[in-house]
Amino acid sequence: MKKRIYNFSAGPAILPAEVLEKAQDELLSLGGIGMSVMEVSHRSKYFAPVLEAAEKGIRELLEVPENYRILFLQGGASLQFSMIPMNFLRRAADYVVTGAWGEKAVKEAKKCGAVNVIYTSRESGFRSVPEEDELNFSQTADYVHYCSNETIDGVEFKYDLDGKGAPVVCDASSNILSKPLDIEKYALIYAGAQKNIGPSGVTLVIIRDDLLEKVPANQFSMLDYRAIAANDSMLNTPNTWGIYLVSLVCEWLKEKGGVPAIEKINREKAKILYNAIDQSDGFYQGHAEKAARSLMNVTFRLPSEALEKQFVAEAAGNGFDGLKGHRSVGGIRASIYNAFPKEGVEELVEFMRDFSGKNG
Ligand SMILES: Cc1ncc(COP(=O)(O)O)c(C=O)c1O
């Protein structure tokens, strides 16, 4: 195998090497049919088992009950910011905002109707998530929306939010499949695939049947969850290559022992990294409050921007890519999704100790 470096990118992000190798193996001839998955009709007998495997894989891994549909859409998680209010916002919706992506979702929803931001941690720099009993939902909310893991800020909910009667809609783009979810608490969960599920260009939507009935009758077809579900995600040509990779990622994760097994490893990886931050005598400063620290995106600062720049450059020289924080917030961000190996975290921590020793 060609040499791979440690890729801490927030997304598109590292994919399991085994998945890439399998895809490479089958690139010219999917399962011996003499054609690539990209070259066959999405309505052919060749693609049907691929779509089925991807759907089944997600259903099994996340224990999705039968009264939910699993859809593969396009337009990224960002299109969901619009599709959700276009389909379900009638009177008003509640939004819980704990970071940059939640704010973007609010911006789109406001174009459709009334939005109540019932919680935002903007003032304190998106470092925290609310306690469950801090949230007061509107009595008439069509739904409550939140982002379970804010990729840019590195803050993560430690519980599945309970809408107290209002349907819960969740952007789980950057932590889906990283730990078990209580799916029944949700009406709709969505995620761009390009972190824990597969490549960019596929968006996973898990939607409860009763929500499909609420889609307005005159909805544009391509924005209509009911029509998309009725056509098994094939209202138009889906991202066949992307869905194929999703099926391979699911297979890989099952072989690893599934979501509970990967959660255990994710917790170990995050602990190693947060410990290094906490034991650095203040050289490294974690961005998120301890109780809200993300298992997937570890965000931290160094004593100066100059040192952060130097850190990123020296890290790159040592085989660590993708550590620069998001352009909107700066700092350092190490994204350690399911496919990121524990050894890479251990090696980064060694590099961090060495760097702080030399520059502290
Ligand atoms: C939490 C979260 N939501 C939404 C998005 C937007 O996703 P996309 O680029 O697929 O539209 C991202 C992208 O990184 C994200 O991390």
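As the structure is a prediction and not an experimental result, all values here were calculated from the model.

Caption draft 1: Representation of the overall build of the protein chain in the model. The helix and strand inventory of the protein chain stands at 10 helices and 14 strands. For 360 residues, the compact-globule estimate of 2.2 N^0.38 gives 21 Å, and the protein chain sits close to it at 21 Å. Across its three principal directions, the C-alpha atoms of the protein chain cover 65 × 55 × 30 Å. Of all 360 residues assigned to the protein chain, the portion counted as buried reaches 56%. Long-range pairs, those at least 24 residues apart, make up 67% of the contacts in the protein chain with a sequence separation of at least 6. Separation between the mean location of the 41 positive side-chain charges and that of the 48 negative ones in the protein chain comes to 3 Å.

Caption draft 2: Seen up close, the sheet that holds strand β8 (residues 168–171). A sheet is described by the order of its strands in space; here 7 strands give the open sequence β2-β10-β9-β8-β5-β3-β4, paired in mixed fashion. Strands at the two margins of the open sheet, each flanked by one partner only, are β2 (68–73) and β4 (114–120). With direction set aside, neighbouring strand axes in the sheet form an average angle of 20°. Relative to β4, strand β3 (residues 92–97) runs parallel, the two sharing 6 bridges. Following the sheet pairing, Val97 is matched in β4 by Thr120. Packing of helix α2 (residues 48–61) onto the sheet brings it into contact with β2 and β10 (203–208), and relative to β2 it is tilted by some 125°.

Caption draft 3: Fine view of the pairing of strand β5 (residues 144–147). Both faces of β5 are covered, namely the face carrying Val144 and Tyr146 and the face carrying His145 and Cys147. Strand direction decides the pairing type here: β3 and β5, joined by 2 bridges, are parallel. Within the sheet, the bridge partner assigned to Asp94 lies in β5 and is Val144.

Caption draft 4: Here's a closer look at the pairing of strand β9 (residues 188–192). Burial runs high along β9: 5 of the 5 residues are buried. Every second residue of β9 is oriented toward a common face, with Leu188, Tyr190 and Gly192 on one face and Ile189 and Ala191 on the other, all of them buried. Of the pairings in the sheet, the one linking β9 to β10 comprises 5 bridges and is antiparallel in character. Its bridge partner being in β10, Leu188 is matched across the sheet by Ile207.

What counts as what
Residues numbered from 1 in each chain as written. Predicted model: local features only at pLDDT ≥ 70, side-chain atom pairs only at ≥ 80, totals over all residues. Heavy atoms only, no water. Helix = DSSP H or I, 4+ residues; strand = E, 2+ residues; numbered from the N terminus. Rg over C-alpha atoms; globule rule 2.2 N^0.38 Å. Buried < 20%, exposed > 50% of the residue type's maximum accessible area, 1.4 Å probe, protein only. Contact = heavy atoms within 4.5 Å. Lys, Arg positive; Asp, Glu negative; His and termini not counted. Charge placed at Lys NZ, Arg CZ, Asp CG, Glu CD. Pairing = 2+ DSSP bridges. Axes fitted to C-alpha atoms, helices over the stretch in contact; angles between N-to-C directions.

That's the geometry; what it means functionally is another story.
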